[in-house]
Structure formats: structure tokens, C-alpha cells
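# Overview (structure and organization)
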Amino acid sequence: MALVERPEMKVIGKLENPDKLAYHVVTGNADFASDRLAGRKLYGAIKCSTIMKGVITKIDATKALAEPGVKAVVTHEDVPSWKEGIFFWGQPVAGVIADDPFIAERACNLIEVEYEDRPGVFDPDEAMKSGAPLTGIRPDSNTNLATNLDRGDPDTAIANAPVQLETTQGYTTTYQHATLEPHQSVSWWVGDNLYSWIPSQHIHGAKNSVVNAFGMPANKVHLFTHFTGCGHGDKTGDNTAIESAAMSRKVNGAPVNLIKTRQKSMLTHSWMFAIKSEIKWGATADGEILGVDAKFYGDGGSNAMAPIGNCHFGLRTTYDIPDARFQVTTITTNSPARGYWRCVNDPPGACNYDRALYKLAAHLDMDPYQLIMKNIRENDAPDLDAPYRVWGGIAVKDMFEWLHEESGYAGKWHKPGEGNVMDDGRLHGIAITGHWDSHGSVNGASRGGIVTMCPDGTALVNVGGGRGPSGGPITCVHIVAETLGMKYEDVGLGDWGATDTTLDAGIQAGSGFTSGAGTGFLNAALDLRGKLFSYAIQKAGLRDIEGITVDDLDAENSEVFYKKDPTKRITYRQVMSGTPPLAGSGFGWASHTKNRAVGNVPLGEVCNSNGNACSAAEVAVDPETGEVEVLNHWNAVDTGRTIFKQGTIKEMRSGSELQIWQALYSGSIWDKASGACLSSNYTEAMMPTSMCFKGENLHQQDFESYDAAGPYGAHGIGEPCVTNYSSIICAIFNATGKWVEPDKGPCTPDKVLKALGKA
Amino acid sequence: MSEIEETKQISRRQFLKNAGIVVGGTAVGSSFILAACKGDASEVTKTVTVTSATATFKCPYDGQEFDTFAALQAHVEEKHQEGDAVTITKFVSPYDGKEFDTLEALKAHLDANFVSAESAPGIVSFVVNGKPVTLKVEDYWTLDFILRDRLALYGTKNGCGVGQCGACTVLIDGVPTFSCLTLGIECGGKTIETIEGLSNGTNLSPLQQKFVDKEAFQCGFCTPGFIMAAKALLAENPNPTVDEVREAVSGHICTCHNFKNTITTIAGGV
């Protein structure tokens, strides 16, 4: 669905373009970090703390070192990223390097660690109380007011509104990424040069982390990545490179493959934060929202910098509310760090304000869709709180309208809990949610690319990033092929994921790779195109055209042609014949309007490039068992412009499955007294399997708003497609008339029955 | 031929003289140092050669041929006078061609210098993707570790190590099996198929091609496991329904959440 006119593409967006790395995947040749040096490496394992808070007082590795096959032991004194202070149960405290991973793990159990136990606090509500023990993660407080924004006079607006409502929303779910590829890396030293293979969503960023950790010159740190197993934000850091490098250094540079077990991988890497909220509304009887006072509280675990501060974003930007207050308090607790998951703030944030919106609608005896549409902002409207910021392309309103039509919402919606009994006795419910998203161009960070031309006229794209679920490098191939006017099959992946030979393509998160790296490769291809055309006009077939200049040329289907007479054309192979090796490089920021002016932002000026998405869910709730079945789920995502069509469809489809997972399955079990995680494995973390998804009831639609700042109008969709699991929570409310509070976990049957008063 | 080295200490050394991996036909003839204990509990090591599972032992009395020494011995004891010397032909070791006058002499030679792959401690032989493999393994090594670290077959992944995710799935005698829960030492005589064995060089199997055509993967970490499970399913049920596929792969996890695409790709067969 096109919202803005844009030129037709030859390569970009074509469904028939396959993933260039498909063969690697299906043959077992997709090389992940540990897939190397068979029989020629040692193995590392880590030991984790068994207290929630305290200090290590003694580490005795005598027994471990006596074990046959054990080469060395490391502690926080060897590993720059480890600490002597303990801040959560499961924090790494020691490691073993051994001949095989089994010896390494067994030897970890023989390391004796003594702690000085100190009072800590696990529960976020306890941590916020006056007099609570300090977690020690922030120097003098367990809380931080990360966002405190007033627009107009919300107190007066709410007080004077005809209708007032105070709502509270309980904590959303805490879950772990649990990426199928456990965290692992292989490192070795050659002299004072470090080499590491890691899974990574930002290999150049990981290199910076390693450089800083060891205080090394950057030209002596060589990081590599190819295939990354899942990721979803959990592989944006150094991903154990620092740990395995320290281990390797301990054994004189021998290659060490650190593989964290499933349990330890889940303990030591980031979790999704749970967020609760108190939201006050002031509105008219017919649903015009006059004011809102929204306070959010998020558990950041042991991460002092947990990225929770923008969880209000969708509420702030999606609706035209003249007077508003938004506050976000981040809480630290002695529990594993919370960090990036897909779309960071937006999934739990949306699950809060969407529940509050639906409560307001119910209070007004109003269809929530009507409430949403009465207050939604127009596409391309400027930011109410920062008028200099506009969004280059937003399609939220259009997506809501499409979902309303496509889902048959008008004929299916009913008042919550009323007139909704299906033939089989289950309760039917439907809901639509959506928002502007806080992610998109990663704040316009500059990203680069290098494109090389082969002597036969084919091209190679050299991407400074790896390949995760969405196939980011393939997006760059599409952009280069389009820009050079080449056939898709004539452009391949060259060097990728190597920090030595590529430019920083950015982070495969925040939907930033498409817009950031995409802009870099757009400019790299333009650079190369200019060079190619300058040689083309010297070649037979074109050089005899009187007065010909590079501006007279264009390219399509891997041929360069004279625009005034397209029959005069030569192939890129002919261009490269006798031509020296050519490469193009470029970089760009994704936060400047390139394609069109937007609102009050003229061409060439700063604007945002954010994603946005909407979802609708139709559910059946069994009032006897509490089981929820998602009958249909629609996922509409604004891509700006769809670049890698196959990858985009997969992302949106998986987005629906991930929304179902967040709503109904994801969770965790803890012993609150000790802070111990009891569910650091797939079974107890309730990871879904194929039996949880009917499959045939997922619907996807990509919207192309033609983002003014994005390369070819694209702004990426990697994250927004997972953010609207509130659609399922709200659909359950529509079905039952009762709110099933996530209570830091999924909407399991027992919670549904409890909400229905049956348990 | 044999080298007897007496060592004084109690040792858990176990190492191969010609290091590491033996694959396929090169398994036979590779020598290694076999640790054994003498009666006084001190350790004796000797250099022995791994023998093939099949060999031809010929009876010098009547020319009949047998696959194993044990079969030859049984035949001689039944049909001939054991201990009778032979004058025209000899008892011949099939491994090195040496000749002996008596069955006892041949047996002593074999015991001193050779050990069958099946009977040597820590030695296991199986077939991987059609190729015979004989390896020296630790008894606690899992099959996925052996495949990855000893045979460089990286396609088999380890996602959990405790049989919860299916990423390590291989076929053992055609049965989909979690290789992370399978000890390598227990795989003697088995036929193992991994993802690497499905394609014929550059030609994908129809199942792999269907995964490519349908783009039935995202990050790709779980994909080999799903494909191996699908291969086993399609061998029994060439045209499975969606529900049959869902059940067949219910032991697999995909954290990218590409279930629908994978299931519908497998359904209907190839």
C-alpha cells in the first residue's frame, strides 16, 4: 500500500530475490562463531555466583587446577569485564580453560568461592521503598527518574475534564532472549594481536568494547562475525569476546572456545524489563482525550543504564493529547541485567498504555478503535514536544484503518465480556493496537559501506556486519544492485563481518541496519557508479558519441546505456575490460531528508526515521480451562520501503509469533529470597514449540510510507513487528471482560481463571 | 613389530600415536598406543594397529575363508586337528601377511600387534554420511561434540546441551536423535547422518531445495535440526499434513520464531 508516490524499483522489493546465503544455511555451512578450529582449540567455561549481593573474598582453584585436562583458571583479576562485587545471583566469578568443554564445566564446580554476603533487594517494588537496601548498582539510590516531561498543564486539564479515570497496570513479563545459539566465542592471540570470532549484531561496536577493555590499539584487535544465532538485541555487546580473549591470554594465546551453557548463557546476558504504570486520563464523554498523566516504572535489574526511559514513546507520539505528563522511573534490583530486546521499550511500554487506553474506552462505554481514531495524530505530523523533529514516514493511522477492514473488526467487536460466546462455548475477543515506535534510524548514526567491482563486471558488497535473523547484509546487496543498475544475481556478498576490511555498517538492532547501513551502501554504490561511468564513456560503444559525459549515462540489467539513445549500451564486463580495480566507499546518516520535504522540514535537513506498526488479535478463551487460543493475528508494519521482500515477510510473520510468545508463553521463575533464577532452561522458561502455533492464522502486510530520510524511502522493520503483543492482552479483555494481569509473566490459564474468579 | 614400554606411574594418559582423527579407509592401519594394566597394577603400553572390521582369514588345510579369526578358529577346532602343523600353506595374518605354522602362533601375533576397532577401549567405529569412521573418544564425549570437534562437521548445533531444543538432531540408523544426549562411545556400528550428508556436492536434496525456495529459515541456527527431523518424517510419511509436521518437530525450538514457515514448508513433502 503506497502512501506516497515513489519511482518503481528494478531490484528492491522484488519477491523473487532469494537470500544469498540460503545455500549455506540448508547445507550446514552457515558458520557461526564456534564453527572453526576443530580439534585445535581449548574450551572455556564459567562459574557463576550463588549469592545475590556481596563481595568475593576468596577464590580457591586448587582442586580445579589439579584436574587432568585443565589448563588454567581465570577470575575477575584476569577478565576486564568481570567484577569483584556481586550484584546478582548468576554473575560470572571464575572460569576454567580445559581440553574439552566437559572437563571445563566439571572443573568449574571444583572452584571454591567465598563471599561476604550483603543485603540486597530482588523485587522492584521493594527496591523503591524508603529504607530499602541499596542494590549498589547506582551509588546512592535504587531509582532514577529517566524521563520527566510535561506538555502544557496536564493537572489542570485532567482536573477540568468531564471524565476522569485513574488506571494502574501491573508489571509486564520478565523474560530472557534465550537465543538458540548460546553466547560463545573463539579467541586467540598472535603476539600482541587478538583475533576473535563472535556472534554479533554490531561487530565494530564489539571491537570498540574489546579495545577499551584491554586498553589496546585498535589495529591489534581483529574481530570477525558471520552468522549470528538469533540476537534480538542480546548480541550487541562484546558477546563473550572479552572473556574468551582473557582466557586465551591466560594460556599463552592458544585458541579458546568459550561456550556458555544454556543456563549460564541465560543468567549472564540481558533480560527484558518488566514495566508497570499508573496512568490518569482526562477526557470528554465522546472520547476526546484532553489530558494524560502517565507514570511508568521499570525494573532494570543490575543494569544501571537499562534502556527503559523511552517506554512512554508510543503514547507520547501516537496521540494528539494537548496536555500531558510522562515520567519513567528506572529501578535497579539485584537480579540479572535488563537490556535490549527487540524494540527495547516499546513492547512493555505499549502493553502498559494500550491496556490503559482500553480501560478508558471501557469506562467511556466506547469501542477502543473509535477512541484511538478520535485521538490519533496524522501521518507526518511534527513531534508535539520537539517541533523541529518530524518523522520521515509514518503510516500508523493508515495501518489502523487497514487492520479495521482486513480483520472484519466492525462485525466482530463487542463490548468486553458481552455477547461473545462461540459455538464451542469459548469466549471470543478482538482488539487492535499500534503506535509510533521509538526505534528506526538509531538516531542517525553514520554508517559506511564498501563495494568492489570484479574484472568480469560483477560486484561484491563488503558489509561491516554479520547475518542475523533478518539477513541484514542481503538488504545492502539489494540497495547496491539497484543503485548500480545491476541484476540481483550479479551482485554478491564479498567480505563481511570482518572489522579489518569493512566499514562500520552499524547495529543490527533498532531497525537501524536498513536505514543506517543502507544509507552507507547507497552512497558507496553512488561513488562506484560515478567511477564506472567515467570509464564507460571511454569504451567502445559509447566513446564515439559526441560530447558524451557521465551525466548522459544510466544503467539497468548490468548494462550502461546512453539515456538519449538506449540502444547504445555496453555491459559492465565491457566497462571493466582493461579498467583497473574499482571500489566505491561511502557513508551516510539516516536522519536527513533525502527524498522529499516533510512537514516543516525542507530537503536535506534533520528528521527522524522511525518504525511504526499495528497489530490486531482475535482470540478464543476457554472459561473452564483458562486456555487462550489466538485464532487470527494480523501484523501491519511500515517499512518505509520494503527492500528485501522475502526477509521482510519472514520478519513480520515471526513478529506475530513473538507477540504470541510474549503474551502467552514467555516467563521466568525466581526464588525471591536468594535471587536465584529457577528457569534458566527452555522448558521452565516456557519457550514455545511448534505445538503452540496453529500457523495458518497469521497475516502480514507491509506498508510503504516512503520515509523521507531512508535509503530509497526505507526505514527498516526488524523491531516494530514484535511490539504489539498488547493486542492479545486486550483481546483477552474483550473476550472475558476481565483484565488478566501479566504479573511479570505470561497470561497462563491459571491467571485467566483467576481473573474470571474461578481460581 | 610390537613395542612394549613399561611405565612406573599409574597414568590416565590416553593418546594416539598418529594423533586425532582417523576417517574412512585411513582408519585401518593407524597405530596407537594402547594402555593396559599388568597384574601388579602398573601400566603397560604398547603400540598396536587398528584393524578393519572385515578381513579374510584362510584355513590352510582346506582353503576355506572366514571373516574373523574367531570363525577360523572354530572351523579349525571342529574340522581339523588343532596344533597340527601345516606344510604346504601357512596360517597367514591378513593385516601384514606374516605366516605362522600354527593357529596359536597366529593368535599370539594378532594379540600382540593388532586390536579390532570394535574391541579396543575408547575406540568407536561408525559410519557418518556414508563414510566409515574410527575414532578414539573419551567415554563422556557426546556425539555432537565428536561430530563438531573431532570430525569438523559443524552443521550439527548445540543450543541447550540437555535435549530441549532439537538443534543437535542427527539421524542414527534413520531415527532422529538428540546428539547432545547421545554418548559417542555408544554409537559403535551405527549409521549416522548429519546435515552435511544431505546434499550431493553442489546439488541440494529436494528437501533442502524446498527450504531454500520457501525461505524457511531466519538466522539458520535451528535449520539443520529441523531439516534432519523432516528427513526422518518424510521417509515414513512422504506427504505429511501440517498437524503431522507440527508433532514431528515439536521437539525443536526456533527463537527467531519461524515456526509457521518451517512447518508449512515441510508439509506436503517434496
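First, a word on scope: everything that follows refers to the structure included in this document. (Residues numbered from 1 in each chain as written. Chains lettered and ligands numbered in written order. Predicted model: local features only at pLDDT ≥ 70, side-chain atom pairs only at ≥ 80, totals over all residues. Heavy atoms only, no water.)

### Brief notes about the overall build of chain A
Helix and strand counts for chain A stand at 19 helices and 28 strands. In terms of C-alpha radius of gyration, chain A reaches 27 Å, essentially the compact-globule figure of 27 Å for 759 residues. By principal-axis analysis of the C-alpha atoms, chain A measures approximately 85 × 75 × 50 Å. In chain A, buried positions account for 66% of the 759 residues. Within chain A, contacts between residues at least 6 apart in sequence are counted, and of these 80% link residues at least 24 apart. Carbon and sulfur atoms form 49% of the exposed surface of chain A, whose accessible area is close to 25,100 Å². Side chains of chain A carry 67 positive and 89 negative charges; the gap between the two charge centres is 4 Å. (Helix = DSSP H or I, 4+ residues; strand = E, 2+ residues; numbered from the N terminus. Rg over C-alpha atoms; globule rule 2.2 N^0.38 Å. Buried < 20%, exposed > 50% of the residue type's maximum accessible area, 1.4 Å probe, protein only. Contact = heavy atoms within 4.5 Å. Areas by Shrake-Rupley, 256 points an atom, 1.4 Å probe, with all protein chains shown as cover. Lys, Arg positive; Asp, Glu negative; His and termini not counted. Charge placed at Lys NZ, Arg CZ, Asp CG, Glu CD.)

### Re the sheet that holds strand β18 (residues 459-463) of chain A
Residue and element names in this part refer to chain A. Pairing is mixed in the open sheet, where 4 strands are placed in the order β19-β18-β17-β23. Each edge of the sheet is formed by a strand with only one pairing partner; in this case those strands are β19 (491-496) and β23 (582-588). In this sheet, adjacent strand axes meet at a mean angle of 25° when their direction is disregarded. Across 7 bridges, strand β17 (residues 447-453) lies against β23 in antiparallel orientation. Across the sheet, the residue bridging to Gly449 is Gly586, located in β23. Across the sheet, helix α14 (residues 472-484) is in contact with β17, β18 and β19; its angle to β19 comes to roughly 130°. Across the sheet, helix α15 (residues 512-536) is in contact with β17, β18 and β23; its angle to β23 comes to roughly 145°. (Pairing = 2+ DSSP bridges. Axes fitted to C-alpha atoms, helices over the stretch in contact; angles between N-to-C directions.)

### Observations concerning the packing of aromatic side chains
Residues and elements named next belong to chain A. If you walk through the whole model with that rule in mind, you get 20 aromatic pairs over all chains. Considering the side-chain rings of Phe32 and Phe227, the 5.7 Å spacing of their centres and the 45° angle between planes classify their relative orientation as tilted. Within this pair, whereas Phe32 is found in the loop between α1 (22-26) and β1 (42-48), its partner Phe227 is found in the loop between β11 (221-224) and α7 (241-250), the two being separated by 195 residues in sequence. For Phe32, a relative accessible area of 2% translates into the label buried. The exposure class assigned to Phe227 is buried, which follows from its relative accessible area of 0%. (Phe/Tyr/Trp six-rings, centres within 6.5 Å; stacked < 30°, edge-to-face > 60°.)

### What to know about the interface of chain A and chain B
Residue-level contacts link 61 residues of chain A with 51 residues of chain B. For the chain A and chain B pair, buried surface summed over both sides reaches about 4,600 Å², with 59% attributable to carbon and sulfur atoms. The largest per-residue losses of area from chain A upon contact with chain B belong to Val26, Leu180 and Ser690 of chain A, which jointly make up 15% of the total buried on that side. Our enumeration of links across chain A and chain B arrives at 3 salt bridges. Two residues, Glu215 of chain B and Lys650 of chain A, come together in a salt bridge whose shortest N-O distance is 3.1 Å. On inspection of chain A and its partner chain B, the count reaches 25 residue pairs in polar contact (both at pLDDT 80 or more). Only α1, α3 (101-110) and α17 (645-664) of chain A provide two or more residues apiece to the side of chain A that touches chain B. With 8 residues, the single largest contributor to the side of chain A that touches chain B is α17 of chain A. Its residues assigned to classes, the side of chain A that touches chain B comprises 29 nonpolar, 17 polar and 15 charged. (Buried area = accessible area lost by both parts, 1.4 Å probe. Salt bridge = Lys/Arg side-chain N within 4 Å of Asp/Glu carboxyl O. Polar contact = N/O pair within 3.5 Å; in protein donor to acceptor, adjacent residues only side chain to side chain. Nonpolar A, V, L, I, M, F, W, Y, C, P; charged D, E, K, R; others polar.)

### Structural notes on the environment of Gln538 of chain A
All names here are of chain A. Relative to the helices and strands, Gln538 is located in the loop between α15 and β20 (553-556). Residues Gln538 and Ala283, spaced 255 residues apart in sequence, show a C-alpha to C-alpha distance of 70 Å. From its side chain, Gln538 meets the backbone oxygen of Ser534 in a polar contact 2.9 Å long.

### Considerations on unusual backbone geometry
Its identity as a non-glycine residue notwithstanding, Lys744 of chain A has a phi of 65°, on the positive side. Here Lys744 of chain A shows up in the loop between α18 (726-736) and α19 (749-755). By relative accessible area, Lys744 of chain A is classed as partly exposed at 22%. Of note in this structure, Asn129 of chain B is not a glycine but carries a positive phi near 50°. When you line up the elements, Asn129 of chain B lands in the loop between β10 (123-128) and β11 (131-136).

### Some details on the pattern of salt bridges
Residues and elements named next belong to chain A. By the definition in use, this model includes 47 salt bridges over all chains. Across the pair Glu105 and Lys264 runs a salt bridge whose closest N-O atoms are separated by 2.9 Å. Taken together, the residues Glu105 in helix α3 and Lys264 in helix α8 (residues 262-268) connect sequence positions 159 residues apart. You'll find Glu105 and Lys264 in the same group, each marked buried. Here the salt bridges do not stand alone but share partners, grouping Asp150, Asp155, Asp293, Lys295 and Arg325 into one network.

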